[in-house]
Amino acid sequence: MTATDIAADERLLRRSVWRKILGRPELGSVVGAGAVFLFFSVVAGSFLQPSSLSTVLYAASTIGIMAVPVALLMIGGEFDLSAGVLVTTSALVSSMFSYQMTANVWVGVGVSLLVTLAIGAFNGFMLTRTKLPSFIITLGTFLMLTGLNLGFTKLISGTVSTKSIADMEGFESAKELFASQWSIGAVDLKVTILWWFALVAVATWILLRTRFGNWIFAVGGGADAARAVGVPVFRTKIGLYMGVAFAAWVSGQHLLFSFDVVQSGEGVGNELIYIIAAVIGGCLITGGYGSAIGSAVGAFIFGMTSKGIVYAEWNPDWFKFFLGAMLLLATLLNAWVRKRAEATA
């Protein structure tokens with residue numbers, strides 16, 4: 001092989017640091033997060049207080065826990081519109097099974113995990129077997145779970161909320177894992193922040209360091225082409241939906257052990273917020289591109305905006321407007337960054 005041949009082989013070319021930065025999916029969201037942080041630092045006097053920042057992190061973590069697996073699913077080229085109500089389903093199963101069976105709370109938590117993972121596997125199985133769009137499959141699951149959540153809760157409890165399980169065995173230890181907090185000086189931090197960071201780290205490792213991560217990108221880039229080179233497309237997609245289900249279980253347990261009871265109508269609409277956080281973080285609607293870190297940044301932007309509006313003493317009705325504006329701006333910025341990266345590659 002001649003020197004000319006080596007120079008022509010782009011796999012052997014070293015990319016500059018700037019090109020590597022431009023090629024990162026989360027670059028646009030990081031720039032946007034910096035802008036949002038500076039904006040609320042100026043307009044909201046209490047935004048930079050440690051207690052305020054801990055509140056922002058907590059709000060971001062409750063979205064970020066779900067945004068991470070939703071981002072991986074989107075990289076794999078699919079959606080999950082049932083993710084929001086699945087969180088509530090997980091909490092309801094834990095609560096009602098524990099209360100009705102008068103069992104240790106941990107038994108209900110374990111049953112909830114199995115049920116939630118089964119629902120995730122159902123979504124993936126139906127998608128791969130029927131070949132219907134994930135929008136249709138998960139919309140159907142969304143509607144079924146919404147009805148089941150309300151119907152079963154009223155059938156068993158007689159109301160739209162569950163009975164309190166705060167006095168049951170195992171409640172305090174479960175609360176320690178899913179809904180505790182610890183103090184650093186005058187700042188209280190929720191355990192969901194640790195769950196969030198752990199999920200981001202694991203998801204990033206999976207995407208960048210494992211064969212399964214390569215399969216996710218391949219499936220999102222083109223399922224037929226991925227199947228042609230030996231990628232187990234069906235198993236990959238089912239695994240991604242079960243990943244969303246696991247995060248929904250974690251979020252559901254946090255919901256339950258934070259408030260002791262669960263309202264059966266909660267969670268509707270949250271699935272769009274998870275998708276928005278992933279898109280703001282750099283995930284493409286078409287699949288094959290994105291990162292777990294980007295979804296974390298998108299969730300952090302959500303947390304800053306939702307709480308920053310409160311600290312600025314604005315009408316909270318403006319929140320959805322800002323969220324929509326950020327979605328459009330982030331999408332445009334991400335598209336510009338990708339074009340620049342491709343142009344300098």
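Residues numbered from 1 in each chain as written. Predicted model: local features only at pLDDT ≥ 70, side-chain atom pairs only at ≥ 80, totals over all residues. Heavy atoms only, no water.

Caption draft 1: Seen up close, the nonpolar core. Counting residues in hydrophobic clusters, the biggest one holds 80 residues, and the most contacted among them are Met66, Val105, Trp196, Phe257 and Ile301. A total of 13 residues in this core trace back to one element, the largest contributor, which is helix 4 (residues 50-75). Setting aside chain neighbours within four positions, we find phenylalanine 257 in contact with Val105, Val109, Ile165, Phe171, Ala174, Lys175, Phe178 and Ala179. (Core = buried A, V, L, I, M, F, W, Y, C linked by side-chain atoms within 4.5 Å. Buried < 20%, exposed > 50% of the residue type's maximum accessible area, 1.4 Å probe, protein only. Helix = DSSP H or I, 4+ residues; strand = E, 2+ residues; numbered from the N terminus. Contact = heavy atoms within 4.5 Å.)

Caption draft 2: Spotlight on empty space enclosed by the protein. Counting across every chain of the model gives one cavity of 30 Å³ or more. What the largest cavity holds in volume is close to 30 Å³. Along the walls of the largest cavity sit Ser95, Met96, Tyr99, Gln100, Ser157, Thr162 and Lys163, which together make up its complete lining. Top contributing element to the lining of the largest cavity by residue count: helix 5 (residues 83-100), with four residues. Its residues placed into classes, the lining of the largest cavity shows two nonpolar, four polar and one charged. (1 Å grid on protein atoms, 1.4 Å probe; cavity = no way out; pocket = protein on both sides within 12 Å on 5 of 7 lines; lining within 4 Å. Points joined across faces, edges and corners; volume = space filled by probe spheres on them. Nonpolar A, V, L, I, M, F, W, Y, C, P; charged D, E, K, R; others polar.)

Caption draft 3: Spatial organisation of the packing of aromatic side chains. This model, assessed by the stated rule, comprises 13 aromatic pairs. When the ring of phenylalanine 40 is compared with that of phenylalanine 47, the centres are 5.9 Å apart and the planes differ by 35°; the resulting orientation is tilted. Both rings, one in tryptophan 196 and one in phenylalanine 197, keep their centres 5.3 Å apart while their planes meet at 35°; by these two values the pair is tilted. Its relative accessible area of 47% is what places phenylalanine 197 among the partly exposed residues. Each residue in the set Trp106, Phe171, Phe178, Trp195, Phe246, Trp249 and Phe257 is aromatic and connected to the rest through ring pairs, giving one cluster. Over the ring of tyrosine 58 we find lysine 190, and its NZ or CZ is 5.5 Å from the ring centre. (Phe/Tyr/Trp six-rings, centres within 6.5 Å; stacked < 30°, edge-to-face > 60°. Lys NZ or Arg CZ within 6 Å of the ring centre and 35° of its normal.)

Caption draft 4: How the structure looks around the side chain of glutamine 253. Turning to its location among the elements, glutamine 253 is positioned in helix 12 (residues 233-259). The buried category is assigned to glutamine 253, whose relative accessible area is 0%. Residues in contact with glutamine 253, not counting those within four places in the same chain, are Ser90, Ala91, Ser94, Val109, Ser112 and Phe178.

Caption draft 5: Here's a closer look at the confidence of the model for the protein. Counting all residues, the mean pLDDT for the protein is 89, and 91% of those residues have values of 70 or more. When the criterion is pLDDT under 50, residues 1-13 qualifies, and its contacts beyond four places in sequence or with other chains add up to three contacts. (pLDDT = per-residue confidence, 0-100.)

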